[in-house]
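# Commentary on secondary and tertiary structure
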Amino acid sequence: MPNESPSSIPSRRVALKTLASLGAIGGLALAGCSREDGSKAAAASGPAVVKKTGDKVAFKYPNNPSFDLIYLADELGYFEGTNTRPEYVGKIAAPQIIPLVGTGEIDFGSRMVPLVISAIASGADLKVVAAGGKTLQEAPHMKYFVRKDSGIRNPKDLEGKTIGFNSFGACAEFVTKKYLRQHDVDVTKINFVVIPDEQAEQTLVTGNTDLAIIHAPFSGRADNAGSLVRLWSDFDLDGGLGGMAPYSAHGQFIRQHPEAVRDVVAALAKAGNWVNANTEEARKLVAKRINMDLKNVDRYAYVDDLVVTEPPIQYYIDILQSEGKLAAGKVAVKDIYTNEFNPFAQQAAKS
């Protein structure tokens with residue numbers, strides 16, 4: 001697998017410093033996406049110029065320790081025979097991925113639907129181009145853990161406690177709050193803190209949080225921790241409706257390189273279908289990539305052919321409106337996504 005590009009790290013650090021406050025949903029306004037020297041300078045510099053390797057279009061992508069179809073597609077050779085290649089730009093914290101796609105500092109990113117909706121509502125230039133992970137009962141998107149001796153077993157027990165999750169404004173926050181409110185929990189009495197998935201289990205074990213919401217692949221390690229117990233998964237909370245983790249692309253990249261977007265989406269769809277058919281082989285590849293014991297690597301499941309459907313998007317539009325994070329009518333479902341670049345969707349439309 002290619003290593004991160006050192007030359008890309010300084011510009012990314014500037015972007016991350018500028019966008020550090022954008023983890024919360026309200027921080028996705030355009031004003032918050034400008035650089036430190038003001039909006040005029042940001043407008044003058046514009047999105048980062050797309051680099052090319054020979055005649056290959058290189059798209060900028062995070063090099064994160066995760067279960068991700070870009071890495072798997074690369075490993076499986078699905079970019080071979082195309083004019084498109086990933087250019088890995090180093091590790092990027094989860095809350096920063098969508099803001100950086102919105103500014104063009106990276107060209108593609110995979111984060112949950114509510115972050116994309118909020119970014120688009122704030123004027124960011126990006127769009128969902130492929131569905132991603134889906135929640136199954138046997139392959140949840142995220143799992144909820146507490147210490148066995150915590151006494152926490154029911155939603156009401158969480159009042160006055162601390163919940164750790166990987167970012168505000170995404171699935172872990174909104175799916176959880178919706179579920180807790182359905183069980184008459186006062187969520188204002190809960191302390192929510194951001195903990196990266198790879199650190200969440202240890203933070204819970206040491207007592208710094210009372211409940212940890214952990215995504216695959218790292219949730220498997222918590223399942224095997226003797227001092228922890230799993231309370232729920234997101235499948236228990238909403239039947240999996242909130243579990244689609246799509247891939248988004250920067251608008252300028254889409255307009256300038258439509259063929260490259262088709263290459264990326266096709267590779268992603270092939271990789272997703274391969275994972276669904278080869279779950280154990282996929283776990284082995286991910287275990288090697290993130291240097292984790294195979295027994296602790298949770299699996300992922302993916303939407304068939306990565307064709308985007310509208311119910312998961314509408315689900316989060318409704319939640320954001322009910323949470324007061326999105327004005328009614330501000331965005332429509334069709335503003336958020338396109339299946340234009342998915343060859344499987346195009347084939348289905350013709351049949």
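Just above, that's the structure.
Here's what I pulled together on the structure shown here.

Cut-offs applied
- Residues numbered from 1 in each chain as written.
- Predicted model: local features only at pLDDT ≥ 70, side-chain atom pairs only at ≥ 80, totals over all residues.
- Heavy atoms only, no water.
- Helix = DSSP H or I, 4+ residues; strand = E, 2+ residues; numbered from the N terminus.
- Buried < 20%, exposed > 50% of the residue type's maximum accessible area, 1.4 Å probe, protein only.
- Contact = heavy atoms within 4.5 Å.
- Areas by Shrake-Rupley, 256 points an atom, 1.4 Å probe, with all protein chains shown as cover.
- Pairing = 2+ DSSP bridges.
- Polar contact = N/O pair within 3.5 Å; in protein donor to acceptor, adjacent residues only side chain to side chain.
- Salt bridge = Lys/Arg side-chain N within 4 Å of Asp/Glu carboxyl O.

Secondary structure summary: the chain contains 15 helices and 12 strands in total. Looking at the 351 residues of the chain, the share that counts as buried comes to 56%. Summarising the internal contacts of the chain: among those between residues at least 6 apart in sequence, 80% fall at separations of at least 24. Element-wise, carbon and sulfur atoms account for 49% of the exposed surface of the chain, whose accessible area totals about 14,400 Å².

Turning to the environment of Asp-184, a few remarks are in order. Residue position: Asp-184 is located in the loop between helix H6 (171-182) and strand S8 (191-194). With a relative accessible area of 61%, Asp-184 lands in the exposed category. Note: C-alpha distance between Asp-184 and Pro-155 (29 residues apart in sequence) is 8.4 Å. Ignoring any residue separated from it by four or fewer positions in sequence, one finds Asp-184 in contact with Lys-156 and Glu-159.

What follows deals with the environment of Gln-96. By the element assignment, Gln-96 lies in the loop between strand S3 (84-88) and helix H4 (97-103). When its relative accessible area of 8% is taken as the criterion, Gln-96 is described as buried.

Taken together, the 4 strands give an open sheet; going across it, the order is S4-S11-S5-S12, and neighbouring strands pair in antiparallel fashion. Looking at the sheet topology across the chains shown, the edges are occupied by strand S4 (108-110) and strand S12 (301-302). Both S4 and strand S11 (residues 245-250) contribute to a ladder of 3 bridges, which runs antiparallel. Directly across from Ser-110, in S11, lies its bridge partner Tyr-247.

In this section: unusual backbone geometry. A cis amide bond links Ala-216 to the next residue, Pro-217, at an omega of 5°. Within the secondary structure layout, Pro-217 lies in the loop between strand S9 (211-215) and helix H8 (219-223). A positive phi angle, close to 60°, is found at Asp-305, a residue other than glycine. In this structure, Asp-305 sits in the loop between S12 and helix H13 (311-322). Of note in this structure, Leu-306 is not a glycine but carries a positive phi near 55°. Position of Leu-306 among the secondary structure elements: in the loop between S12 and H13. Here Leu-306 falls in the buried class, since its relative accessible area comes to 0%.

Within the secondary structure, Ser-167 is located in the loop between strand S7 (162-165) and H6. Here the side chain of Ser-167 touches Arg-111 through a polar contact of 2.4 Å, side chain to side chain. With residues up to four places along the chain from it excluded, the contact list for Ser-167 reads Pro-95, Arg-111 and Val-194.

As a further point, take the pattern of salt bridges. Two side chains that carry opposite charge are able to pair once their charged atoms sit near each other. Scanning the entire structure with this criterion turns up 18 salt bridges. Between Arg-85 and Glu-80 there is a salt bridge whose closest N-O contact spans 3.6 Å. Among the ionic pairs, Glu-173 bridges to Lys-177, the shortest N-O distance being 2.8 Å. Highlighted residues: Glu-173 and Lys-177, both in helix H6, separated by 4 residues, approximately one helical turn. Note on Glu-173: relative accessible area 5%, which makes it buried. Exposure remark for Lys-177: the relative accessible area of 12% places this residue in the buried category. Here the salt bridges do not stand alone but share partners, grouping Lys-143, Asp-223, Arg-230 and Asp-298 into one network.

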